[in-house]
Amino acid sequence: MLLARLSHVLPKRSACLLLKTPINGPGLWKSSMQVTRGRSANVSAVKNRSVLPTRLNLRRNYADDSQNRNRSHLEQRTKGPSLKDKLMGPPSENAYSMGKGAAAGAALMGLVALCYYGMGLSQQPSLYDHSVMWPQYVRDRIHATYAYFGASCALTAASAVGVFQSEALLSLIMRSGWIATLATLGLVMGTGALTQALEYEPGFGIKQLAWALHCGVLGAVIAPMCFMGGPILVRALLYTGGIVGALSTVAACAPSDKFLHIGGPLAIGLGVVFASSLASMWLPPTTAVGAGLASLSLYGGLILFSGFLLYDTQRIVKAAEMHPQHSTYKFDPINHAMAIYMDALNIFIRIAIILSNSDQRKK
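My aim in this report is to walk through the structure given alongside it, one point at a time. Since this is a predicted model, take the numbers as computed values, not measurements.

1. Quick notes on the overall build of the chain
Next, step 1: Helix and strand counts for the chain come out as 15 helices and zero strands.
Next, step 2: Here the chain holds 363 residues, and 30% of them are scored as buried.
Next, step 3: Put simply, of all contacts in the chain between residues at least 6 apart along the chain, 81% involve residues at least 24 apart.
Next, step 4: Working note: accessible area of the chain is about 23500 Å², and carbon and sulfur atoms make up 66% of it.

Below is the structure:
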């Protein structure tokens, strides 16, 4: 259509120039169309080569590689051991420092309480003030309780020395394994429950026999402690005597019901210490978590049974005062003596272990 219109408008010669082919080549229109097509083909070829984007991609890849490399170096620097590695790894040198600090703080509090109540700074009357008005039967009950306490300590020491001198009994006690542990625990708890269940009668009867058997079993259980050596055990005995005497003095100088309200917290603490002692059977103190549990059982138990000694001392005095003189059930000094006896025994065991560990570190 365009060519037809141009033929009417343009002169003949111009139309020939557009349509006719010269001798040596194509016409002007056709040649211009070929040039235009060639240029567009060249442009499309250049576009298909995509030289510039390729170079940009290479630069971006290098930048990403450098960022990833820097990120990996940063992660290696900041990445530390996992929580499991920290807990199961070797303990630090100060693994027992927290327990030692807690024990030192408890000792300081006991000394302050001794000075405070001993100097009569409390506004309430103490047990010592009430003792002036005690009838004779209350005094006899307290004397009998502490007499059984001293006899319990003597029987336990004699049993421990006797078992240590016998190789057969010592090897039987030192057997390891679940069966031996459960049998020992059952024997201790069984004899203790039997002693507590029997009714007290003055003189030497079945309850006294059960009490002597219980003290003998406990002495056999702690017989391997004799391997620590005489000097350590003597020092532990002296330290235990000092702690028991000081705490008994605090309980006597304090108001009569001052420490009777701490029975609940002491029971909770006993559960925690017992659980940590059981967990130490699976987690040895060579690991960080095992060392923490051992410190809790050792120093936490020392503080706990010191608190129990205060509680049991005032409970004994309260029971001696409140128990009727003429009653169907008589006052039981053996059961009350076993309470402070177990407190003193646990304090002695922990002090001996602390002294033994201290001597091993010095060597």
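Structure shown, so let's carry the discussion forward.
2. Focus: a nonpolar patch on the surface
Next, step 1: Judged by side-chain polarity, Trp178, Leu182, Phe274, Leu278, Met281 and Trp282 come together as a nonpolar surface patch covering roughly 680 Å² of accessible area.
Next, step 2: Elements with a contribution of two residues or more to the nonpolar patch: α10 (178-197) and α13 (263-279).
Next, step 3: On the secondary structure map, leucine 278 appears in helix α13.

3. Topic: helix α11 (residues 206-221)
Next, step 1: Compared with the 22 Å implied by 1.5 Å per residue over 16 residues, the 23 Å span of α11 between its first and last C-alpha is a close match.
Next, step 2: Residues of α11 that are buried include every one of Lys207, Gln208, Ala210, Trp211, His214, Cys215, Val217, Leu218, Gly219 and Ala220, and no others.

4. Remarks on the environment of leucine 247
Next, step 1: Among the secondary structure elements, leucine 247 is positioned in helix α12 (residues 230-253).
Next, step 2: Assessed through its relative accessible area of 13%, leucine 247 is described here as buried.
Next, step 3: Considering only alpha carbons, one finds leucine 247 and serine 306, 59 residues apart in sequence, at a separation of 7.4 Å.
Next, step 4: If near-sequence neighbours (up to four positions away) are discounted, leucine 247 is found in contact with Ser306, Leu309 and Leu310.

5. A word on the packing of aromatic side chains
Each pair of aromatic rings is reported with the distance of its centres and the angle of its planes.
Next, step 1: On inspection of all chains with the given rule, the structure shows five aromatic pairs.
Next, step 2: Measuring from ring centre to ring centre gives 6.4 Å for tyrosine 146 and phenylalanine 149, while their planes differ by 80 degrees; the resulting arrangement is edge-to-face. Remark: phenylalanine 149 and tyrosine 146 occur in helix α8 (residues 136-165); sequence separation between them is three residues, near one turn of the helix.
Next, step 3: Overall, tyrosine 146 belongs to the partly exposed group, its relative accessible area being 32%.
Next, step 4: The class for phenylalanine 149 is buried, based on a relative accessible area of 14%.
Next, step 5: Site record: aromatic cluster; members linked through ring pairs are Tyr148, Tyr200 and Trp211.

6. Considering the pattern of salt bridges
Pairing between side chains of opposite charge can happen when the charged atoms of each approach one another.
Next, step 1: Under the criterion given, the structure shown has three salt bridges.
Next, step 2: Where lysine 330 meets glutamate 201, a salt bridge forms, and the shortest distance between an N and an O atom there is 3.6 Å. With lysine 330 in the loop between α14 (288-322) and α15 (333-362) and glutamate 201 in the loop between α10 and α11, this residue pair connects regions lying 129 residues apart in the sequence.
Next, step 3: Classification of lysine 330 as partly exposed rests on a relative accessible area of 45%.
Next, step 4: Its relative accessible area of 40% is what places glutamate 201 among the partly exposed residues.
Next, step 5: Among the ionic pairs, lysine 207 bridges to aspartate 332, the shortest N-O distance being 3.1 Å. One end of the pair, lysine 207, is in helix α11; the other, aspartate 332, is in the loop between α14 and α15, with 125 residues separating them in the sequence.
Next, step 6: On the basis of relative accessible area, lysine 207 is assigned to the buried category, the value being 2%.

7. What to know about α10
Next, step 1: The end-to-end C-alpha distance of α10, which contains 20 residues, comes to 28 Å, matching closely the 28 Å that a straight helix rising 1.5 Å per residue would cover.
Next, step 2: If you check which residues of α10 are buried, you get Val188, Thr191, Gly192 and Thr195. Buried residues of α10, viewed axially, fall in a sector of 95 degrees; they line one side. Opposite its buried face, α10 presents the exposed residues Ile179, Leu182, Met189 and Ala197, each directed more than 90 degrees away.

8. What about the packing of α8 against α11?
Next, step 1: In the contact formed by α8 and α11, the axes pass within 7 Å of each other and the chain directions differ by 45 degrees. By the angle class used here, α8 and α11 are oblique. Crossing hand, α8 versus α11: right-handed. Along its contact with α8, which presents Tyr148, Ala151, Ser152, Leu155, Thr156, Ser159, Ala160 and Val163, the element α11 presents Gln208, Trp211, Ala212, Cys215, Gly216, Leu218, Gly219 and Ala220.
Next, step 2: Residue composition of the contact of α8 with α11, by class: ten nonpolar, six polar and no charged.

9. Examining the side chain of lysine 207
Next, step 1: At 2.8 Å, the side chain of lysine 207 and the backbone oxygen of leucine 198 are in polar contact.
Next, step 2: When near neighbours in sequence (up to four residues on either side) are disregarded, lysine 207 contacts Thr195, Gln196, Leu198, Glu199, Tyr200, Asp332, Ile334 and Asn335.

10. Side note on the side chain of serine 356
Next, step 1: Checked against the element boundaries, serine 356 lands in helix α15.
Next, step 2: The class of serine 356 is buried, set by a relative accessible area of 12%.

11. Description of the environment of leucine 169
Next, step 1: Positionally, leucine 169 belongs in helix α9 (residues 167-173).
Next, step 2: Using a relative accessible area of 42% as the deciding quantity, one classes leucine 169 as partly exposed.

Reading the values: rules and limits
- Residues numbered from 1 in each chain as written.
- Predicted model: local features only at pLDDT ≥ 70, side-chain atom pairs only at ≥ 80, totals over all residues.
- Heavy atoms only, no water.
- Helix = DSSP H or I, 4+ residues; strand = E, 2+ residues; numbered from the N terminus.
- Buried < 20%, exposed > 50% of the residue type's maximum accessible area, 1.4 Å probe, protein only.
- Contact = heavy atoms within 4.5 Å.
- Areas by Shrake-Rupley, 256 points an atom, 1.4 Å probe, with all protein chains shown as cover.
- Patch = residues over 30% accessible without salt bridge, like charges linked within 9 Å, V, L, I, M, F, W, Y side chains within 5 Å.
- Salt bridge = Lys/Arg side-chain N within 4 Å of Asp/Glu carboxyl O.
- Expected span 1.5 Å × (residues − 1).
- Phe/Tyr/Trp six-rings, centres within 6.5 Å; stacked < 30°, edge-to-face > 60°.
- Arc of directions from axis to C-beta.
- Axes fitted to C-alpha atoms, helices over the stretch in contact; angles between N-to-C directions.
- Parallel < 35°, antiparallel > 145°, perpendicular 65-115°, else oblique.
- Left-handed = near helix turned anticlockwise from the far one by under 90°.
- Nonpolar A, V, L, I, M, F, W, Y, C, P; charged D, E, K, R; others polar.
- Polar contact = N/O pair within 3.5 Å; in protein donor to acceptor, adjacent residues only side chain to side chain.

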